[in-house]
Amino acid sequence: MTAAESVSSSSAKQQTSLNVSFENHIASWSQSFEPNPSSLGLEHFLREMGLIFELTHISPGSGSHNVLRLPSLAADLLLYGIPLELMDGDASNIPIHWLSSVFAELKHRLPQEQCRTRVLTNLGIHHARNAEVLSALFGVKFPEGRKRSTCGVYMVALCLPDNLRSEMECDFLLLIDVEGLCSVSLDSKRNALTHNNEMATVAAGLSDVLLQNISSHASCEFETHFTIIVNALLRIKESGSMPICQLLLQDEGIKSLLQASQLRHVSEMLQIETEDSETSSVDKYSANMATCSTCIKGPWSNMSLSEPVDTQYSNAVLKLKKNLFEALKDCATKSKASSLPEFTRRLCAVWDSVKTESFTIGLQNTEIALAFSLLCTEFSMWVDGFLENIESWLMLAAKKIFDTKAKALDAAVQNELLSELKNEAREEIKTEIDKVRSRVDAYLMQDDLKMSSETFRPALMSNIANLQNRVTEETIQKLETVNESHCSSTQLKNFETLLEKEQESKLQALVEKSRSTKILLQDTEIEEEFEGVWSKTLSNFDFRPSEKGNITARVAEILKQNLISRGLQKHMKKLEITGQSQTDSFQVYNEHFGYRSRLRHMFEDNNRLQRLGAQEVACNIIEEYNQFVANKCSLTADFSDSYITEMLENVEKALKEKSMDIRSAFEVDLKVHLCNAACQDFQKLHDRYAKDRELLTVITANKGMYLAKFIYRFRKRDECQRVASAFSSMVIKPTVLDYINRPLGMQVAEEIQAKAQQFKSPQAFHQSLLEELIKEDRFEKFLQYLLSYDDFRRQKIQETVVAHLSESTNLNKQRQQRLGDIVGKIAAAISQTAEGTNGVLSDTKPLLERACLILEKDGDVDVNRDSLIGPAFSITTEWDCFVKCLMELLATMRLDLAQEFSQNVDVPQLPHSLPVQPQDSLFNRVRGCDKQCPHCRAPCEEDGVGHEVHKALFHWPKGMLPDGSCSMSCISFLENMGKSKLEKNQDTQVTSKDLQSLGPNWTISLDDPNSQKASNYWRYVLTRFNEKFAEEFKQEPAQIPDEWKTITQQEALDSLKEMFLTRQGC
């Protein structure tokens, strides 16, 4: 039906009603009244304009020619934001001719391409502040029916900005406001219910988006007001067009919440029902979810500029506006925007249906709306229970999928399981839907609903069918998503496991490198190492295979466009071989050169030099191409069309740099040759990355995170290694060596003392020295003995110790045993501190001090902790990792020491490396008294070190010491004194006093019978080496008596032994 037809049809039907309306107006004008200025507004004058214009159509001769200009004036006012009344709510009348003319004038003022419209309607009772709501949202001014008792449907046209035009696919937003709905009590006006239903139905029928404005004022006629809106929705649903509904609550009272809940259930039920059969279940679900509720607590107006802005109120208004815009955008996806003539025809159709009451639900009926709303509420509860059951089943199904850990990447197993779960889901949903359908049937069989059950049943059954389809599709999608998520997560874990393995080996190598070189690695070096690990992991990782795309068509298209841009369309036939495998190398032919060029070089061996030059250029370009491919394939990225474009540009650049007389066929053939090679080379690259693209995207996106973790782990591990190495070298190793070596010196000394009898006492050691000297019969040894008695004794002990160590096999066993003991104690102490610290960040210094204390207390080991003073060992790290480093270093140290102990030892230096040196221990045991005779420097042979009077068993004769080294030789002095005694018959006591005066603390007596015997030893020595003593001391040889020369070595040894035996007997 055209606009003219709609107008003529409506005119005929309304002529009688208009006559009655005019008669009523004339009757009211005849009464005297005083108009109230506050109740008179512009909308009243515009209404009269419409009535005057309508009167000219009913009675053509009743108006002047100027009346025809009224629609133009109304169109101008509409464009300036003045509301246009669509329906007179007081008279229940729509001036169709007037509105058609106004819209026609509006259409003439606008370009044809800017007449697309969407309709947003605010539907609420007169207490709902409808005009204030639209004013707060869009800044428009509507008649406030609450103040002026205006009753009607008004419209304002808003021109949309460019961004909203493209998103909503319309040029104008028509805002419709319903004023005065339910403003008159039903008891005071008989037709009020009919007029209210008419206004609500017309407003809802014109809407693309319907804002259901729920008033904050409680009303005793709540059910009646609620049923008006529900009936309007039911009638519009019956007409075949259902707007997207939005809810606005102005408070959170119980009645407002109840009405909002019931309206939401009704709207969702009707919206799903009116979806196009071809619309997918996902779109239907989105439409269902589009019914949003927004609560905004005023004030909607009368806000003073001095009052602070309520941010909560502003945010709520902004949220409502966004919801409305989203709903308008959804309209663009479902239907095309209507033009102004289409809006006019739509208005006529709705008004005709209302006036003829062609709807199933009458204008006076309230029972069906209440019954339907209650049924929608019950149905919503059944649907919630149904969705909960399906959600529970879905959780169990997801658990089954996740239980297939070992076979997560087996495509056959996963596909079979997924197929089974899909079939099971369909059966489960069908079973639950049948339960809902049974409840609906039982509900409709109630006595008070049997009469209207046929009205509700189609909507409910269609809704149930839509619900089943939607939930089935949604559940299957969730199963596929869970399955894919499980496979992807398994793949990601496998990749991270492989990456972790590669990183671990690389970290160990880097830490070892840092430890051996003692050079701190920079971040750039670590990043280079990580790049190698990353590339190796990607190349070794087994991505899931997926469908591979052939890049030949893409390469051919790029080459085609390149030749077109170069003006080489005549060579297009050569592109037919693009993508074919080629085994031959590129060859230069005579056809690649021009006729004149070939003519100039025809005598040069058939253009050989020219062809060789071109062949060399081609080979260089092919070499550059091979390097280009190698560089691109080394990147962690899939094939890109830009690779071919860049390659062709490189060819053109290389040919431009070479000045050769060649035809375009050479360039085309070379490009075709390279593109064929690129199809093969880059196809491999594409096939490599045509797998698990989403996983690869996630992995690539997290590369920076993996790199940061790699650097962090290296830094912490290197720090642990450095601190652990320092602790090992500065604390552990000295402790180990001290524990091993400290008792060795005493053990060696005891072994020697038990084995060698000369170390039983100082006299035995002295006897052994003298016996060894006379047996060796070496002047150098006697000289060393006489001049450096202590050094000589120490040297002999040192030689004894070295000889013992060279022959002994127990030393290595003892050290190895002590090494095992101390390493075990250290490991136990460290392990004891590691209890309960797995993965915990700790300060290492207190824990190291604790390990030392445990070692001292439980292991009975002396630990030098001076190195722990200061911050050098204070780092924050995972103690278990630090312990691991310490244990590795401890094991390495044990192996090194064990190998060192088992190798050939520098025996002469070994005693000096021991904390307690065995030669010192032995020397202290055989040391005796350190005093020497003041006359001849013979050592004191008295036992112990506490005696006051010293006595030597063996005095050294004169001639064995240099002149002036002492007062005189004891043996010479005694002999001379003996002779003097015999010759001069002097008293012996006098001589003893004289000797005592020479050595106050020494006992030297002429009466000692052993003095003569003991001197045989030194007499023999002096007689044996008299000449050498004189030569060494640079003096005259001593006068040797004849009887001394008769003393043999054995007699000297016998006198020595006899003297020591006599000493022991004393």
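Model, not experiment: these values are computed from the prediction. Along each chain, residues carry numbers from 1 onward, in the same order as the chain's sequence is written. Since the coordinates come from a predicted model, pLDDT governs what is reported: local features require at least 70, and pairs of side-chain atoms require 80 or more to be given and counted, while whole-chain, interface and lining totals use all residues. By convention in this description, side-chain values take in all heavy atoms of the structure and omit both hydrogens and water.

## Looking at the overall build of the chain
Point 1. In DSSP terms, a helix is any run of H or I states spanning at least four residues, a strand is any run of E spanning at least two, and both are numbered starting from the N terminus. Regarding its fold elements, the chain presents 38 helices and nine strands.
Point 2. To sort residues, take the accessible area from a 1.4 Å probe on protein chains only and compare it with the maximum for the residue type: under 20% means buried, over 50% means exposed, and anything in between is partly exposed. Burial status across the chain gives 46% buried among its 1066 residues.
Point 3. We call two residues in contact when some of their heavy atoms are within 4.5 Å. Counting contacts in the chain only where the partners sit at least 6 residues apart, residues at least 24 apart contribute 79% of the total.
Point 4. Total accessible area computed for the chain in this model is approximately 53,900 Å², and 51% of it derives from carbon and sulfur atoms. Working definition of accessibility: Shrake-Rupley area with a 1.4 Å probe, residue cover restricted to the visible protein chains.

## Let's talk about the pattern of salt bridges
Point 1. A pair is scored as a salt bridge if a Lys or Arg side-chain nitrogen falls within 4 Å of a carboxyl oxygen belonging to Asp or Glu. By the definition in use, this model includes 34 salt bridges.
Point 2. Put simply, Glu 85 and Arg 47 hold a salt bridge, and the shortest N to O gap is 2.7 Å. Linking Glu 85 in strand β1 (residues 84–88) with Arg 47 in helix α2 (residues 42–58), this pair joins segments that are 38 residues apart in sequence.
Point 3. For Arg 47, a relative accessible area of 12% translates into the label buried.
Point 4. As a salt-bridge pair, Glu 531 and Lys 703 come within 3.1 Å of each other at their nearest N and O atoms. With Glu 531 in helix α17 (residues 523–540) and Lys 703 in helix α24 (residues 703–755), this residue pair connects regions lying 172 residues apart in the sequence.
Point 5. On the accessibility criterion, Glu 531 (35% relative accessible area) is partly exposed.
Point 6. Each of Arg 47, Glu 85, Asp 88 and Asp 90 takes part in salt bridges that share partners, so that together they form one network.

## Some remarks on the environment of Ser 489
Point 1. Mapped onto the fold, Ser 489 is located in helix α16 (residues 453–517).
Point 2. The spacing of Ser 489 and Leu 695 is 206 residues in sequence and 8.7 Å in space, taken between C-alpha atoms.

## Digging into helix α5 (residues 130–138)
For an α-helix, 3.6 residues make a turn, and residues three or four places apart therefore share a direction.
Point 1. Counting buried residues along α5, seven of its nine residues qualify, which places the element largely inside the surrounding structure.
Point 2. Downstream of α5 by a residue or two, Gly 139 has a phi angle that is positive, lying close to 70°.

## Concerning helix α28 (residues 810–833)
Point 1. The end-to-end C-alpha separation of α28 is 35 Å, in line with the 34 Å expected for 24 residues at 1.5 Å each.
Point 2. Within the span of α28, buried status applies to Leu 811, Arg 815, Leu 819, Ile 822, Val 823, Ile 826, Ala 829, Ile 830 and Thr 833. In this analysis, the expected span of each helix is defined as 1.5 Å times one less than the number of residues it contains.

## As for the confidence of the model for the chain
Point 1. Mean pLDDT for the chain: 77, with 77% of residues reaching 70 or above.
Point 2. The weakest mean pLDDT in the chain belongs to helix α1 (residues 3–30) at 40; the strongest belongs to strand β2 (residues 117–123) at 93.
Point 3. On a range of 0 to 100, pLDDT expresses the predictor's confidence in each residue. Here residues 1–34 is a poorly scored stretch, pLDDT under 50, and it has 30 contacts once near neighbours within four places are set aside; other chains count.
Point 4. Predicted confidence is poor over residues 1009–1014, with pLDDT under 50, and the contacts of this stretch with residues over four places away or in other chains come to eleven contacts.

## Focus: the environment of Ala 465
Point 1. Position of Ala 465 among the secondary structure elements: in helix α16.
Point 2. Here the alpha-carbon distance between Ala 465 and Arg 437, two residues 28 residues apart in the chain, equals 9.6 Å.

## Digging into the pairing of strand β3 (residues 152–159)
Point 1. The buried fraction of β3 amounts to seven of the eight residues, a majority that puts the element mostly inside the structure.
Point 2. Examined bridge by bridge, β3 and strand β4 (residues 172–179) share eight bridges and lie antiparallel to one another. Across the sheet, residue Gly 152 finds its bridge partner in β4, namely Glu 179. Strands pair, by our definition, only if DSSP identifies at least two bridges between them.

## Here's the deal with the packing of aromatic side chains
Point 1. Only the six-membered ring of Trp is used, alongside the rings of Phe and Tyr, when aromatic pairs are assigned; centres must lie within 6.5 Å, and planes under 30 degrees apart are stacked while those over 60 apart are edge-to-face, with the rest tilted. Summed over the entire model, instances satisfying the criterion amount to 19 aromatic pairs.
Point 2. Ring centres of Tyr 785 and Tyr 789 lie 5.3 Å apart, and the angle between their planes is 90°; this geometry places the pair in the edge-to-face category.

## Focus: the packing of helix α25 (residues 762–776) against helix α26 (residues 779–787)
The relative placement of two packed helices comes down to the angle between their axes together with the axis-to-axis distance.
Point 1. Every angle, taken between N-to-C directions, lies between 0 and 180 degrees, and every axis is a line fitted to C-alpha atoms, over only the stretch in contact when it is a helix. Closest axis-to-axis distance for the α25/α26 pair is 8 Å, and the angle between their directions is 150°. Put simply, α25 runs roughly antiparallel to α26. The element α25 and its partner α26 pack so that their crossing is left-handed. Judged by residue contacts, His 766, Leu 770, Leu 773, Ile 774 and Glu 776 of α25 engage Lys 781, Phe 782 and Tyr 785 from α26. Should an angle lie under 35 degrees it is considered roughly parallel, over 145 roughly antiparallel, and from 65 to 115 roughly perpendicular; all remaining angles are considered oblique. Each crossing gets its hand from how the near helix is turned against the far one by less than a right angle, where anticlockwise is left-handed and clockwise is right-handed.

## Re the side chain of Asn 1026
Point 1. Counting through the fold element by element, Asn 1026 comes out in helix α36 (residues 1026–1033).
Point 2. Throughout this description, a polar contact denotes any pair of N or O atoms lying within 3.5 Å of each other; where both atoms belong to protein, one of them has to be capable of donating a hydrogen while the other can accept it, and for residues adjacent in sequence the pair is counted only when both atoms sit in side chains. A polar atom in the side chain of Asn 1026 sits 2.9 Å from the backbone oxygen of Ala 1038.
Point 3. Residue contacts for Asn 1026: discarding those within four places in its chain leaves Pro 1037, Ala 1038 and Ile 1040.

## Structural notes on the packing of α26 against α36
Point 1. Running from amino to carboxyl end, α26 crosses α36 at an angle of 55°, the nearest separation of the two axes being 11 Å. The pairing of α26 with α36 is recorded here as oblique in orientation. Crossing handedness for the pair α26 and α36: right-handed. Residue-level contacts link Phe 779, Leu 783, Leu 786 and Leu 787 of α26 to Lys 1028, Phe 1029, Glu 1032 and Phe 1033 of α36.
Point 2. When residue character is reported, Ala, Val, Leu, Ile, Met, Phe, Trp, Tyr, Cys and Pro are called nonpolar, Asp, Glu, Lys and Arg charged, and the others, Gly included, polar. Across the contact of α26 with α36, the residue classes tally to six nonpolar, no polar and two charged.

## Remarks on the sheet that holds β1
Point 1. Taken in spatial order, the seven strands of this open sheet run β1-β3-β4-β2-β5-β6-β7, and their pairing is mixed. In this open sheet, the two strands that pair with only one neighbour each are β1 and β7 (293–295). Strand after strand, the sheet turns through a mean of 20° between neighbouring axes, direction not considered.
Point 2. Bridge analysis of strand β6 (residues 244–249) against β7 gives three bridges, and the strand direction is parallel. Its bridge partner lying in β7, Leu 249 is registered against Cys 295.

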